[in-house]
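# Fold and geometry: a report
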Amino acid sequence: MSSGMAPNVRGVASPGSRTVYSMCGMCATRCPIEVKVEDGRVAWLQGNPHDKAMGASLCARGAAGIPLEYDDERLQTPLIRTGARGAGRWRRASWDEALDYIAEKLRETIEAYGPRGIALSDRGGSFTDLTKTFLQALGSPNYFDHDASCGRNAHNASRSLYGVGRTAITFDLKNTKHLVLYGRNIIESLKVKEAKDFMAALSNGMHCTYIDPRASITACKATRFWQLRPNSDYALNLGIIHEVLKQEVYDKDFVERFISGMDALRATVKDTTPEWQEQHTGIPAAEIRAFVKEIAADAPRVIFHPGWMVARHKQSFHVSRTALILNALMGSIEVKGGCVIAKSPEEVGHKGLKKLTDRAPKVKEPRVDGAGTVHPTWDPASGILHQLYAAMETAQPYGIGAYFVYRHDPLTSMPDSEATRQALDKLKLLVAIDVRYSETSWFADVILPETSYLERANILCQNNGPRPNFGMRDQAIAPRFDSRPAWWIFREILQRMDAGDALDFETIEEIWDYQLEGTGVTVAQMREKGIVSLADVASITPRDKLKFKTPSGKIEIEGELLKKAGLPSLPPYEPKEVPTDNRFYLLFGRPATLSHGQSLNNPVLNEIAPEQTLWMHPERAKPLGIADGEEVEINGGGRHSAYIKVHVTPWIHPEAVFMLHGYGATVPLATRACGLGVADQRLQHGKLYEFDPAGGGNAMTETIVTVRRKGAKQ
Ligand SMILES: Nc1nc2c(c(=O)[nH]1)N[C@H]1C(S)=C(S)[C@@H](COP(=O)(O)OP(=O)(O)OC[C@H]3O[C@@H](n4cnc5c(=O)[nH]c(N)nc54)[C@H](O)[C@@H]3O)O[C@H]1N2
Ligand SMILES: Nc1nc2c(c(=O)[nH]1)N[C@H]1C(S)=C(S)[C@@H](COP(=O)(O)OP(=O)(O)OC[C@H]3O[C@@H](n4cnc5c(=O)[nH]c(N)nc54)[C@H](O)[C@@H]3O)O[C@H]1N2
Ligand code: SF4
Ligand SMILES: [Mo]
């Protein structure tokens, strides 16, 4: 089995042409796609036209799936480390060798720490039924997703108010009249369908208020742009809520029937006037008053987007929370052009997919990060990743010996790579399952190559939403290298560990049959269009039937979770330090053509990648003697220094500098990306264990860096 195809993984090398419906894998949005295959090669990729919102569109990254497929600079065979961790010395291994090696180390881990000493993190989302089953079968509760450095604060904020996570609140952008975005750079940091709906809505006259310390492309499209001070959005929202209550433009019927805790809200915003917020955010009080009149006229078709992590600081949870409260005040919940709570198949009269996790015994051990117990506001379903690393460091509350990173690159995605590396180095076993050489895989003990998204099939996924559906990633072509799909890899490890039969399937079709049991949907139907929609029209619950999934059935401004956690439901705004001299907040973001750190080695995306520069306001550049286009030294926490070209522009707030994320890779085998640009995560010194206590997410935008001319004195 050391080379060629594993007997139970299909080879698809048939001559002639065919069309396969599948899912893009160039970012975690996983858009539905149509793949044209000619003589066993991918000839064309486009959006799946059977999904109306998608049409044939793809973004630049999606279209660059073909150059990734035919690039040889990706993982080709299992590798076992021979030198020191991170030194880049490897030996090629057969799958049997690599998997036996892993099983042996897992047994050592179990002996030292018990099964709970095994952890896994992945990219969250549609396919986690597989990874959760794998861990559950091994007997460990320690499944994590990537989200502590992404949208966790928004997620946990949503749970605390509405009783459902962030992805369960969807936005009817097409029909909205006013969209409010807090650093949600919707057309650069994009999802294809959402970006299309946004552009269509703008053409139909939608207002868009965009709030960001820097002007992104979305700012250029918006009807109003507020360049607020970094990390001050909570003050802004308290100011807006004050004015909404004062002008009495909230939906009184909705508030009366569906919100609990209005007294606490009134008390919190009593003095947070538009003038008060102006002191903190820099946004003129008169603008707040005008804005509130405008949204009152547009209500209830008004959406305050709770963001992804607006903007990744210690009160982010409350920024998202107050944005979600504003939606409730405007009565924009479960209305056309507002926020629609996602429906499960069961809620629209269908059976959902059968879960693989039901095939493994439940795990009773407590989670190592205390999510859901020590930290009641943190969703235990996927935890808070940095606390896993804290446990690797301290062996508290218990030790962690083995860690799988699957479709996840923490050395790029967690702040302070040095601290992350230090924690990972405590492990007995670090396994990376990836398709290319990530920073984390280079530091791992074993690298397992997964077949690319065009060469493999995944388990089916269930997408809850206004119109829930089942989606399929199907195999389009035969693998080019000695790689395997994830379901096969996890199955093989469980078999070597005698860990039950939860994943004992011979083919992906067998898994699909199991998942579809009782749904009335067949594999053939799934293959026909790639998606099976379970509702003809978007399901919006009428007000007289509306009930929220919280203990009280209402939107809970004061709820049990925060109370249990001993945290205030509406804390006062905490003003942040104002950095002066050569100190700046380091803000970051992404361009439309790159996905995090994974795209820069793609032959085409590398060619069109924007030059990474450091945006700086002229008022701050001048006293430092820094001119536009000059190379400067940027330093994070006095530890990590790098050189970067400055872009002097008034479109960044004077207190901050901004740079693109995803640069500064160090793996020599990824020759196009290696050494290109600066890694913001390495400048975020000390931020691995700094987080929002209520949401758990990392406080990355509180990073302060120093900047000086090359050769200037510190
Ligand atoms: N400093 C800083 N940190 C950040 C951010 C930032 O802007 N700045 N952004 C944050 C955000 S929003 C997020 S979501 C996270 C993202 O962090 P990650 O989830 O770690 O990043 P990704 O690039 O999505 O993908 C992770 C890995 O999946 C691999 N991969 C891609 N396709 C496949 C596949 O088909 N199979 C397998 N097995 N692996 C695959 C990629 O090669 C990559 O190594 O980073 C966060 N961290
Ligand atoms: N092209 C592309 N698209 C993507 C991704 C990708 O990697 N590439 N990743 C996907 C993922 S995983 C995610 S999470 C989303 C991320 O989507 P977003 O969160 O919308 O995107 P970012 O680019 O991380 O950040 C957007 C803006 O936040 C601003 N910001 C920084 N500090 C503050 C602040 O204090 N207040 C406010 N209001 N704004 C602030 C930054 O200046 C930046 O312009 O994008 C998704 N789409
Ligand atoms: S947004 Fe672009 S890269 Fe991401 S899944 Fe969709 S098409 Fe692919
Ligand atoms: Mo993200």
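Everything here concerns the structure above.
Quick summary incoming for the structure in this document. Keep in mind that what you see is a predicted model, and the values were worked out from it rather than measured. (Residues numbered from 1 in each chain as written. Chains lettered and ligands numbered in written order. Predicted model: local features only at pLDDT ≥ 70, side-chain atom pairs only at ≥ 80, totals over all residues. Heavy atoms only, no water.)

### Observations concerning the overall build of the protein chain
In terms of helices and strands, the protein chain carries 24 helices and 27 strands. Against the globule reference of 27 Å for 714 residues, the protein chain gives a C-alpha radius of gyration of 25 Å, in line with a compact fold. If one aligns the C-alpha atoms of the protein chain with their principal axes, the spans along those axes are about 70 × 65 × 50 Å. Across the 714 residues that make up the protein chain, the buried fraction comes to 62%. Considering only contacts within the protein chain whose residues lie at least 6 apart along the sequence, 73% involve residues at least 24 apart. Here the protein chain has roughly 25,900 Å² of accessible surface; of this, 50% comes from carbon and sulfur atoms. Here the protein chain contributes 86 positively and 85 negatively charged side chains, and the mean placements of these two sets differ by 2 Å. (Helix = DSSP H or I, 4+ residues; strand = E, 2+ residues; numbered from the N terminus. Rg over C-alpha atoms; globule rule 2.2 N^0.38 Å. Buried < 20%, exposed > 50% of the residue type's maximum accessible area, 1.4 Å probe, protein only. Contact = heavy atoms within 4.5 Å. Areas by Shrake-Rupley, 256 points an atom, 1.4 Å probe, with all protein chains shown as cover. Lys, Arg positive; Asp, Glu negative; His and termini not counted. Charge placed at Lys NZ, Arg CZ, Asp CG, Glu CD.)

### What to know about helix α16 (residues 417-424)
For α16, the set of buried residues is Ser-417, Ala-419, Thr-420, Ala-423 and Leu-424. Buried residues in α16, looked at end-on, bunch into an arc of 160°, giving them a common side. The elements touched by buried residues of α16 are α14 (385-394), β15 (402-406), α15 (410-413), β16 (429-434), α17 (439-443) and α24 (680-683). (Arc of directions from axis to C-beta.)

### Focus: the sheet that holds β15
Pairing is mixed in the open sheet, where seven strands are placed in the order β5-β4-β17-β16-β15-β6-β7. The sheet is open, and its two borders are formed by β5 (90-92) and β7 (143-145), each paired with just one other strand. Here the average twist between neighbouring strands, direction ignored, is 20°. Examined bridge by bridge, β15 and β16 share five bridges and lie parallel to one another. Among the inter-strand pairings, Val-405 is bridged to a residue of β16, identified as Ala-432. The sheet contacts of α14 involve β6 (118-122), β7 and β15, and relative to β15 the element is tilted by about 150°. (Pairing = 2+ DSSP bridges. Axes fitted to C-alpha atoms, helices over the stretch in contact; angles between N-to-C directions.)

### Focus on the pattern of salt bridges
With the rule as written, the count across this model stands at 52 salt bridges. The salt bridge involving Glu-455 is made with Arg-74; its shortest N-O contact spans 3.0 Å. Here Glu-455, found in the loop between β17 (446-449) and β18 (461-463), pairs with Arg-74, found in the loop between α2 (65-69) and β4 (79-81); they are 381 residues apart in sequence, far enough to count as distant. Classification of Glu-455 as buried rests on a relative accessible area of 1%. Salt-bridge contacts for Arg-491 lead to Glu-506; the nearest nitrogen and oxygen are separated by 3.6 Å. Separated by 15 residues along the polypeptide, Arg-491 in helix α18 (residues 486-496) and Glu-506 in the loop between α18 and α19 (508-516) bring together distant segments of the chain. Taken together, the shared-partner salt bridges in this structure form one network comprising Asp-96, Asp-100, Arg-491, Glu-492, Arg-496 and Glu-506. (Salt bridge = Lys/Arg side-chain N within 4 Å of Asp/Glu carboxyl O.)

### Observations concerning the site of ligand 3
Neighbouring ligand 3 are Cys-24, Met-26, Cys-27, Thr-29, Arg-30, Cys-31, Leu-58, Cys-59, Arg-61, Gly-62, Leu-190 and Val-192. Split into classes, the residues belonging to the shell around ligand 3 amount to eight nonpolar, two polar and two charged. (Near = heavy atom within 4 Å. Nonpolar A, V, L, I, M, F, W, Y, C, P; charged D, E, K, R; others polar.)

### Looking at the nonpolar core
Of all hydrophobic cores here, the largest spans 105 residues; its most connected members are Tyr-162, Phe-198, Phe-304 and Leu-329. Not counting the four nearest positions on each side in its chain, Tyr-162 is found in contact with Ile-169, Leu-324, Asn-327, Ala-328, Ile-333, Ile-341, Phe-548, Lys-549, Thr-550 and Ile-555. (Core = buried A, V, L, I, M, F, W, Y, C linked by side-chain atoms within 4.5 Å.)

### Observations concerning the side chain of Thr-209
Along the chain, Thr-209 falls in strand β10 (residues 207-211). Residue classification places Thr-209 among the buried positions, given a relative accessible area of 0%. At 2.8 Å, the side chain of Thr-209 forms a polar contact with the side chain of His-178. Of the polar contacts made by the side chain of Thr-209, one reaches the side chain of Arg-224; its length is 2.9 Å. Among residues more than four places away in sequence, those in contact with Thr-209 are His-178, Leu-179, Val-180, Leu-181, Thr-223, Arg-224, Trp-226 and Phe-291. (Polar contact = N/O pair within 3.5 Å; in protein donor to acceptor, adjacent residues only side chain to side chain.)

### What to know about the pairing of strand β2 (residues 32-38)
Regular strands place side chains that alternate from one sheet face to the opposite one. Burial of β2 is extensive: five of the seven residues sit out of reach of the surface. When strand β1 (residues 17-23) meets β2, the two strands line up antiparallel, connected through seven bridges. Across the sheet, Met-23 pairs through a bridge with Pro-32, a residue of β2. Linking β2 back to strand β3 (residues 41-47) in an antiparallel pair, the connection comprises two residues, with Asp-39 at a positive phi of about 45°.

### Brief notes about the packing of α14 against α16
In contact at an axis separation of 8 Å, α14 and α16 are set at 55° when each is read in the N-to-C sense. In terms of orientation, α14 and α16 fall into the oblique class. Judged by the twist between their axes, the crossing of α14 over α16 is left-handed. Contacts from Tyr-389, Met-392 and Glu-393 of α14 reach α16 at Ala-419, Thr-420, Gln-422, Ala-423 and Leu-424. Looking at the contact of α14 with α16 residue by residue, the classes come out as five nonpolar, two polar and one charged. (Parallel < 35°, antiparallel > 145°, perpendicular 65-115°, else oblique. Left-handed = near helix turned anticlockwise from the far one by under 90°.)

### Here's the deal with the sheet that holds strand β20 (residues 531-533)
One open sheet holds the three strands; their spatial order is β18-β19-β20, and the pairing between them is antiparallel. On the outer flanks of this sheet lie β18 and β20, each paired with one strand and no other. Strand after strand, the sheet turns through a mean of 20° between neighbouring axes, direction not considered. As judged from the three bridges shared by β18 and strand β19 (residues 469-471), these two strands associate in the antiparallel manner. Residue pairing across strands places Cys-461 opposite Gly-471, the latter belonging to β19.

### Brief notes about the side chain of Ser-158
Checked against the element boundaries, Ser-158 lands in helix α5 (residues 152-162). Apart from the residues lying within four places of it in its own chain, the contact partners of Ser-158 are Gly-163, Val-164, Gly-165, Arg-166, Ile-169 and Leu-324.

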